[in-house]
8 protein chains.
Amino acid sequence: MGSKSDLAVMQDAADVLKELGVDYEISVVSAHRTPDRMFSYARAAADRGLKVIIAGAGGAAHLPGMVASLTHLPVIGVPVKSSNSIDGWDSILSILQMPNGIPVATVALNAAKNAGILAAQILSTGDETLVQNLIKFKEDLRKKVEESAADMGPQI
Amino acid sequence: MGSKSDLAVMQDAADVLKELGVDYEISVVSAHRTPDRMFSYARAAADRGLKVIIAGAGGAAHLPGMVASLTHLPVIGVPVKSSNSIDGWDSILSILQMPNGIPVATVALNAAKNAGILAAQILSTGDETLVQNLIKFKEDLRKKVEESAADMGPQI
Amino acid sequence: MGSKSDLAVMQDAADVLKELGVDYEISVVSAHRTPDRMFSYARAAADRGLKVIIAGAGGAAHLPGMVASLTHLPVIGVPVKSSNSIDGWDSILSILQMPNGIPVATVALNAAKNAGILAAQILSTGDETLVQNLIKFKEDLRKKVEESAADMGPQI
Amino acid sequence: MGSKSDLAVMQDAADVLKELGVDYEISVVSAHRTPDRMFSYARAAADRGLKVIIAGAGGAAHLPGMVASLTHLPVIGVPVKSSNSIDGWDSILSILQMPNGIPVATVALNAAKNAGILAAQILSTGDETLVQNLIKFKEDLRKKVEESAADMGPQI
Amino acid sequence: MGSKSDLAVMQDAADVLKELGVDYEISVVSAHRTPDRMFSYARAAADRGLKVIIAGAGGAAHLPGMVASLTHLPVIGVPVKSSNSIDGWDSILSILQMPNGIPVATVALNAAKNAGILAAQILSTGDETLVQNLIKFKEDLRKKVEESAADMGPQI
Amino acid sequence: MGSKSDLAVMQDAADVLKELGVDYEISVVSAHRTPDRMFSYARAAADRGLKVIIAGAGGAAHLPGMVASLTHLPVIGVPVKSSNSIDGWDSILSILQMPNGIPVATVALNAAKNAGILAAQILSTGDETLVQNLIKFKEDLRKKVEESAADMGPQI
Amino acid sequence: MGSKSDLAVMQDAADVLKELGVDYEISVVSAHRTPDRMFSYARAAADRGLKVIIAGAGGAAHLPGMVASLTHLPVIGVPVKSSNSIDGWDSILSILQMPNGIPVATVALNAAKNAGILAAQILSTGDETLVQNLIKFKEDLRKKVEESAADMGPQI
Amino acid sequence: MGSKSDLAVMQDAADVLKELGVDYEISVVSAHRTPDRMFSYARAAADRGLKVIIAGAGGAAHLPGMVASLTHLPVIGVPVKSSNSIDGWDSILSILQMPNGIPVATVALNAAKNAGILAAQILSTGDETLVQNLIKFKEDLRKKVEESAADMGPQI
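Residues numbered from 1 in each chain as written. Chains lettered and ligands numbered in written order. Predicted model: local features only at pLDDT ≥ 70, side-chain atom pairs only at ≥ 80, totals over all residues. Heavy atoms only, no water.

(A) Spotlight on the overall build of chain A. Along the backbone of chain A there are 6 helices and 3 strands. When its helices and strands are written in sequence order, chain A yields α-α-β-α-β-α-β-α-α. Summarising its shape, the C-alpha atoms of chain A cover approximately 60 × 40 × 30 Å along the three principal directions. The buried share of chain A, reckoned over its 156 residues, is 63%. Excluding contacts between residues fewer than 6 apart, the proportion of contacts in chain A whose partners are at least 24 apart in sequence is 62%. When the accessible area of chain A is evaluated, it comes to approximately 5,400 Å², of which 48% is carbon and sulfur surface. Across chain A, the 14 positively charged side chains and the 17 negatively charged ones have centroids separated by 3 Å. (Helix = DSSP H or I, 4+ residues; strand = E, 2+ residues; numbered from the N terminus. Buried < 20%, exposed > 50% of the residue type's maximum accessible area, 1.4 Å probe, protein only. Contact = heavy atoms within 4.5 Å. Areas by Shrake-Rupley, 256 points an atom, 1.4 Å probe, with all protein chains shown as cover. Lys, Arg positive; Asp, Glu negative; His and termini not counted. Charge placed at Lys NZ, Arg CZ, Asp CG, Glu CD.)

(B) View of the relation of the copies chain E and chain F. The transformation that overlays chain E on chain F combines an axial shift of 0.0 Å with a rotation of 180 degrees, and the residual RMSD is 0.0 Å. Within this description, the copies of the chain are treated as partners about a two-fold rotation axis. Same-surface contact between copies: 100% of interface residues of chain E are shared with the interface of chain F. (Least-squares fit on C-alpha atoms with pLDDT ≥ 70 in both.)

(C) Region of the structure containing the interface of chain E and chain F. On the chain F side, the residues contacting the 39 residues of chain E number 39 residues. Regarding the contact of chain E and chain F, the summed buried area is about 3,300 Å², with carbon and sulfur atoms giving 63% of it. On the chain E side of the interface with chain F, the three residues burying the most area are E:His72, E:Pro103 and E:Thr125, jointly 20% of the side's total. Linking chain E to chain F there are 0 salt bridges. Applying the counting rule to chain E against chain F returns 19 residue pairs in polar contact (both at pLDDT 80 or more). Contributions of two or more residues to the side of chain E that touches chain F are made by α3 (63-70), α4 (89-96), β3 (105-106), α5 (112-124) and α6 (128-152) of chain E. When grouped by side-chain class, the residues that make up the side of chain E that touches chain F number 26 nonpolar, 10 polar and 3 charged. (Buried area = accessible area lost by both parts, 1.4 Å probe. Salt bridge = Lys/Arg side-chain N within 4 Å of Asp/Glu carboxyl O. Polar contact = N/O pair within 3.5 Å; in protein donor to acceptor, adjacent residues only side chain to side chain. Nonpolar A, V, L, I, M, F, W, Y, C, P; charged D, E, K, R; others polar.)

(D) Summary view of the interface of chain A and chain B. Each partner contributes to the interface: chain A provides 39 residues, whereas chain B provides 39 residues. Each partner contributes to the roughly 3,300 Å² buried at the junction of chain A and chain B, and carbon and sulfur atoms together form 64% of this total. Contact with chain B buries area across many residues of chain A, yet A:His72, A:Pro103 and A:Thr125 alone supply 19% of it, more than any other trio. Applying the counting rule to chain A against chain B returns 0 salt bridges. Inspection of the region where chain A meets chain B yields 19 residue pairs in polar contact (both at pLDDT 80 or more). The set of elements that each furnish at least two residues to the side of chain A that touches chain B consists of α3 (63-70), α4 (89-96), β3 (105-106), α5 (112-124) and α6 (128-152) of chain A.

(E) Looking closely at the relation of the copies chain A and chain B. Each copy superposes on the other: chain A lies on chain B with an RMSD of 0.0 Å after a rotation of 180 degrees and an axial shift of 0.0 Å. Of the interface residues in chain A, 100% have counterparts in chain B that sit at the interface too, so the contact is made through matching surfaces.

(F) Region of the structure containing the side chain of G:Ser148. Inspection of the secondary structure puts G:Ser148 in helix α6 (residues 128-152). In this structure G:Ser148 comes out as buried when scored by relative accessible area, which is 13%.

(G) Region of the structure containing unusual backbone geometry. The phi torsion at C:Asn110 lies on the positive side, around 65 degrees, for a residue other than glycine. As for its position among the elements, C:Asn110 is in the loop between β3 (105-106) and α5 (112-124). For C:Asn110, a relative accessible area of 26% corresponds to the partly exposed category. Despite not being glycine, D:Asp87 shows a phi value in the positive range, around 55 degrees. On the secondary structure map, D:Asp87 appears in the loop between β2 (75-80) and α4 (89-96). Its relative accessible area of 12% is what places D:Asp87 among the buried residues.

(H) Summary view of the packing of helix α2 (residues 35-45) of chain A against helix α2 (residues 35-45) of chain H. Put simply, α2(A) and α2(H) touch, their axes get as near as 12 Å, and they point 160 degrees apart. Comparing the axis directions of α2(A) and α2(H) gives the class roughly antiparallel. Relative to α2(H), α2(A) is oriented so that their crossing is left-handed. Where α2(A) approaches α2(H), its residues A:Pro35, A:Asp36, A:Phe39 and A:Arg43 are matched on the opposing element by H:Pro35, H:Asp36, H:Phe39 and H:Arg43. Taken together, the residues of the contact of α2(A) with α2(H) sort by class into 4 nonpolar, no polar and 4 charged. (Axes fitted to C-alpha atoms, helices over the stretch in contact; angles between N-to-C directions. Parallel < 35°, antiparallel > 145°, perpendicular 65-115°, else oblique. Left-handed = near helix turned anticlockwise from the far one by under 90°.)

(I) Representation of the pattern of salt bridges in the model. Counted under the stated rule, the structure contains 48 salt bridges over all chains. Linking B:Asp140 and B:Lys136 is a salt bridge whose minimum nitrogen-to-oxygen distance equals 3.0 Å. Note that B:Asp140 and B:Lys136 are positioned in helix α6 (residues 128-152) at a spacing of 4 residues, about one turn of the helix. Exposure remark for B:Lys136: the relative accessible area of 52% places this residue in the exposed category. When salt bridges with common partners are traced through the structure, they connect A:Glu139, A:Arg142 and A:Glu146 into a single cluster.

(J) Region of the structure containing the packing of aromatic side chains. Going through the model one piece at a time under the given rule, you end up with 8 aromatic pairs over all chains. When the centroid spacing of 3.4 Å and the interplanar angle of 35 degrees are considered together, the rings of D:Phe39 and E:Phe39 count as tilted. Taken together, the residues D:Phe39 in helix α2 (residues 35-45) and E:Phe39 in helix α2 (residues 35-45) connect one chain to another. Given the relative accessible area of 10%, D:Phe39 is considered buried. (Phe/Tyr/Trp six-rings, centres within 6.5 Å; stacked < 30°, edge-to-face > 60°.)

In structure tokens:
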């Protein structure tokens with residue numbers, strides 16, 4: 001993530017990865033304040049064994065796109081609605097509208113949880129245990145909705 | 001894709017997948033006009049051996065999100081700027097702003113090429129040949145820019 | 001409605017339906033988390049005797065449009081400004097911008113009350129008692145404004 | 001419709017109503033240039049036997065909302081992207097964002113066809129023949145998509 | 001104004017009119033809930049001796065435009081950011097984007113004070129006392145800024 | 001107007017003023033390229049006998065607001081959608097959103113015709129002939145709509 | 001700055017200029033309420049020895065552009081999200097979208113700190129001490145990010 | 001600039017720099033396709049004697065901000081409305097909304113000419129000849145407007 005203040009949002013990614021049984025690391029890498037650190041982090045990622053990178057940032061959010069330019073790994077971008085953001089539009093467009101050749105898999109504003117799930121889905125293309133965990137995760141979502149529907153009882 | 005008219009945009013995904021050496025199939029599945037077809041397509045996808053689904057649609061684009069709700073496979077969404085679209089904002093927000101639990105990996109407006117590259121990146125997490133193809137693809141991008149810079153010569 | 005948390009908004013629809021003398025049921029049906037439940041609910045609606053469906057949802061709100069794709073009944077969509085929404089634009093555009101063939105009768109952001117009134121208007125096309133209730137309802141609106149104008153007295 | 005120039009868009013409503021077997025009349029009624037005509041048209045509509053009103057207008061589109069204030073009939077609003085419009089946003093918001101008490105059933109930008117279908121759905125709540133016509137209409141939509149999918153053949 | 005709740009905003013117009021020495025009346029007239037009252041108010045305004053009408057409303061704000069359609073008097077529109085408004089965009093566009101033939105003199109969001117000043121400027125085209133009051137008003141604005149600049153002292 | 005290229009839009013104001021019997025002058029005054037000219041023009045306007053000023057400009061349109069700051073005359077602003085404009089939003093917001101104390105009577109995007117009518121309405125507050133011209137103008141608008149309605153004939 | 005109330009935002013510019021060792025003065029100059037003061041301030045600036053002007057304003061923010069029209073000095077504009085602003089869009093577009101010939105160096109919404117840094121960068125093109133201060137400033141930014149990364153420790 | 005296709009827009013910067021007597025070089029440096037080239041270009045710029053950098057790019061435009069993160073030189077950003085852009089909003093927000101610490105001096109959409117003028121203004125803070133050239137440039141702008149005003153003659 002681009003700033004320690006993004007942790008309030010990005011923690012959701014870590015939590016859901018733990019729940020789904022995916023190993024991860026978290027760090028602060030700022031495209032604008034630590035460009036060298038970003039370069040070496042992104043360039044070394046594949047060789048260090050990372051498989052997917054989740055990058056969250058706000059405002060003119062260049063971190064996801066620049067990391068994507070520096071690695072062949074899939075990069076997931078989380079637009080963060082930071083305090084200086086214009087309702088989040090700046091983060092969304094800075095991450096989403098990448099030029100042809102360098103995709104960033106963008107999720108909804110502040111949707112770090114979905115970034116974690118998407119990372120697990122990506123890894124599950126080669127990992128049957130993860131497939132089972134994701135299927136169970138979907139089942140749990142379904143059950144919670146059905147329980148809340150049942151709780152409401154017949155409301156006629 | 002949601003309509004045959006989206007093929008003009010979505011063909012780019014097929015072309016880059018071929019270039020990167022990834023097998024694919026293309027079809028028309030409309031969330032709104034053929035909901036049963038969408039259900040059976042999405043539900044059967046994993047068992048048929050599909051690994052990633054790219055869904056492109058315009059306007060109130062529900063295809064990517066609904067497919068994502070019906071499968072545990074990673075789903076990539078391509079917002080298409082169709083003729084009735086409001087500058088593409090409707091497609092972008094309908095695909096991007098998915099609720100927690102059901103991510104769609106969204107790429108830029110009309111960026112079917114990036115959807116294809118992202119699919120290849122996802123598959124490359126378990127396929128070393130694809131890694132090499134992606135590294136070469138990135139190299140080619142770099143060379144083309146450097147050649148166009150060289151073509152301009154010293155412009156001082 | 002797509003989530004139990006939408007009840008704070010959607011209760012207004014129930015209240016005005018009761019006031020206008022229209023029978024109704026309320027339930028939670030999530031397009032993304034319970035797609036099968038949505039399918040069977042929407043497909044069975046007409047045979048169960050439902051005449052109009054009001055669907056409220058936030059963010060990338062696919063519930064109203066998907067229900068409309070699964071039934072020939074008129075479907076009223078209520079864009080809900082949920083916590084993750086981008087000022088409500090995502091809900092509005094996801095519900096309003098349906099493709100040709102599958103309309104959703106969209107009302108204003110959070111305007112569940114208007115959804116209820118519209119449902120009563122639809123049913124009143126075949127129900128003279130409802131016509132009278134709606135005429136009285138309009139009269140009451142008028143009187144309240146005129147009373148508040150009278151309360152202000154001559155302010156010259 | 002608010003202006004004869006809207007006919008290019010609004011003709012789609014007439015065409016689909018004819019296709020679905022619904023009688024209709026078309027006229028030009030401008031909220032701003034012929035307010036008396038609008039008043040008498042809207043006030044007399046129910047007594048003349050009209051069951052649903054479709055109102056299309058562009059820019060600061062007041063026709064649908066004003067007609068809705070003058071009748072208890074359901075009113076469907078079609079935002080028209082006229083030449084002076086700001087990408088259609090003005091028409092959409094002027095029609096959609098009605099205050100509590102006076103709903104307008106808003107359809108997508110320029111979606112006069114959907115307005116016609118919605119009118120038929122509304123009338124079908126008391127007309128079994130129309131129900132059958134709508135079910136057949138949905139079937140035809142489905143078939144056309146499936147044929148275009150079949151036309152593409154296996155594209156693997 | 002369209003609703004008593006708009007008084008919090010619209011009172012500023014009354015206050016500045018009093019300050020500038022312009023007689024006025026205030027009332028509640030809702031385009032949507034009291035269309036007849038609006039018709040008779042706007043139609044009678046010129047004969048009752050009104051010279052300018054200030055109309056404030058929120059959401060799909062039809063009051064200023066409809067009043068303008070019903071009188072030849074100049075009409076000033078104040079977009080009000082009401083609770084249901086989408087950041088005020090709906091009120092602004094519903095009031096500003098009037099079709100050719102029926103202007104509304106629109107001021108900034110919630111700028112009832114400027115509506116009052118503009119009304120005084122309009123009346124001052126035939127009233128020399130008002131001209132002097134407006135010139136003094138402008139002088140006072142200037143002095144207040146210069147005093148606050150002086151208060152800050154040399155900040156070097 | 002701010003630039004000679006705005007004449008294509010602003011000519012409509014001149015034409016309708018001539019039609020309504022109002023004397024006028026047209027000139028090019030750029031806030032940014034000829035600030036001194038703007039200052040002396042706006043400062044001298046009242047003494048030269050001008051009664052209303054119409055200012056049209058595109059992009060970051062400062063002309064209407066700056067002229068309003070320099071005179072006590074009513075100023076009408078016409079947002080012009082120039083070639084560099086972002087869909088007209090920049091012109092609209094730069095003209096409309098004036099601070100308290102300095103109103104600009106803003107009309108719709110490119111609506112120079114409405115600016116001319118509004119100027120005539122302003123002047124008509126002290127000119128009975130203009131009142132009659134405006135009433136006739138409104139009548140003509142009404143008749144044209146009714147004729148186009150009649151032309152369509154019964155379309156049932 | 002255009003109003004004393006902007007000081008809460010603009011103080012950041014002063015603070016960073018002091019930190020970087022750049023002399024400055026602060027004052028209130030309103031384009032709309034004190035146009036003469038603005039004229040004489042901007043016209044005299046270069047002769048008084050000012051090298052760069054930072055102008056912050058909200059709403060229809062004309063101060064930066066008008067100052068730029070009155071001096072050949074580089075002008076930096078700070079869009080301020082004032083209480084009447086529409087999410088800051090009005091300030092941004094009024095400052096950014098200047099016509100060809102009269103640039104304003106615009107920074108992010110409320111980003112007075114960046115305006116100060118940019119002023120220092122501009123002055124550093126002729127001042128080696130400032131270059132060193134800016135290099136140290138960038139180093140400090142880098143270190144703070146790296147420390148916060150180190151604080152988080154290995155989070156795997 | 002980020003791509004050779006941006007030359008159509010960026011040439012204006014070169015032309016005005018030549019007109020103002022400023023030496024320059026032009027090259028293609030893509031943040032996303034040639035990140036190493038961007039790094040070495042930006043890092044070496046100051047030592048090579050460059051004084052100001054103008055960076056133009058479209059879509060998710062990261063070039064200006066990344067260059068600004070890699071050098072202490074002032075960086076001017078030109079948002080380019082490229083073919084894939086969403087009306088230019090993506091380029092504007094990606095360039096403008098930089099975080100505190102790393103400013104980019106942003107000019108209007110496609111306003112490469114203004115970027116050139118701003119660069120000359122920046123350099124003029126230490127170069128009296130450039131000051132004179134800029135004063136003359138402003139004079140020429142003024143004269144052209146006054147000539148076009150004179151061309152129109154008295155239009156009364």
